[in-house]
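Topology and contacts: notes
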Amino acid sequence: MHSDAANPSRREQILRAAAQLFAERGSRAVGVDDVGAAVGVTGPAIYRHFASKDAMLAEMLLRISERLLAGGTERVAAAGASPVDQLRALVEFQVDFALDNPALITVQDRDLGALTDRDARQVRQLQRRYVEEWVAVLARLHPEASTAACRARAHALFGLINSTPHSAGRVARPAMAGLLAEMAMAAALA
């Protein structure tokens, strides 16, 4: 999440610890004291960085949605004009994100409903824009397919790739990345 991964800020440490705890137990079952203990501070010290536990969750989910949208857009632009190359760039980006952030994948999947309506709308808007990056590429690969079918295909690909929290660590990362990318490309091009 933070640009200096080797030396994260305290705020970043809190978000990482919260993501792990939320993934393990669900955001509602984790208190600020739990998050504080995970980063070596008291629970009340968390309030120097976040107004509430809900603010932590909102920032976490907004950041990952922004990061996915920006990364996907950049990858498509850098891949050139070929829709196959664009798809490969999107797949590799999503695979890397999923393998590097299994806790965030779990939190995003399970705890989106815990956000305030305003925060949930923002996250969903960013998510829709990211999905539309995929839909545009898939539509070029499958010109006979409807937009709805391309959107369904994109969501199926996310399901395949984002299953990693359930399997991460069972296969070495390079092998898992290759397997997921190969399977996603085959499914997208079928």
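Note that the structure is predicted; figures quoted are calculated from it, not measured.

Observations concerning the pattern of salt bridges
- Within the structure shown, the criterion is met by 13 salt bridges.
- Close ionic contact of R11 with E59 constitutes a salt bridge, the shortest N to O distance being 2.3 Å. Of the two residues, R11 sits in helix α1 (residues 10-25) while E59 sits in helix α3 (residues 53-78), which places them 48 residues apart along the sequence.
- Across the pair D111 and R110 runs a salt bridge, and its minimum N-O distance is 3.9 Å.
- Given a relative accessible area of 6%, D111 falls into the buried group.
- Linked through salt bridges whose partners overlap, the residues forming this network are R11, E12, R16, E59 and R63.

Comments concerning the nonpolar core
- Counting residues in each nonpolar core, the largest one holds 61 residues, and the members touching the most others are M56, L87, V91 and W134.
- Of all the secondary structure elements, the ones that give two or more residues to this core are α1, α2 (32-39), α3, α4 (83-100), α5 (102-111), α6 (117-141), α7 (147-161) and α9 (173-189).
- Setting aside residues up to four positions removed in sequence, L87 forms contacts with W134, V137, L138, L141, M185, A188 and L189.

Reading the values: the criteria
Residues numbered from 1 in each chain as written. Predicted model: local features only at pLDDT ≥ 70, side-chain atom pairs only at ≥ 80, totals over all residues. Heavy atoms only, no water. Salt bridge = Lys/Arg side-chain N within 4 Å of Asp/Glu carboxyl O. Helix = DSSP H or I, 4+ residues; strand = E, 2+ residues; numbered from the N terminus. Buried < 20%, exposed > 50% of the residue type's maximum accessible area, 1.4 Å probe, protein only. Core = buried A, V, L, I, M, F, W, Y, C linked by side-chain atoms within 4.5 Å. Contact = heavy atoms within 4.5 Å.

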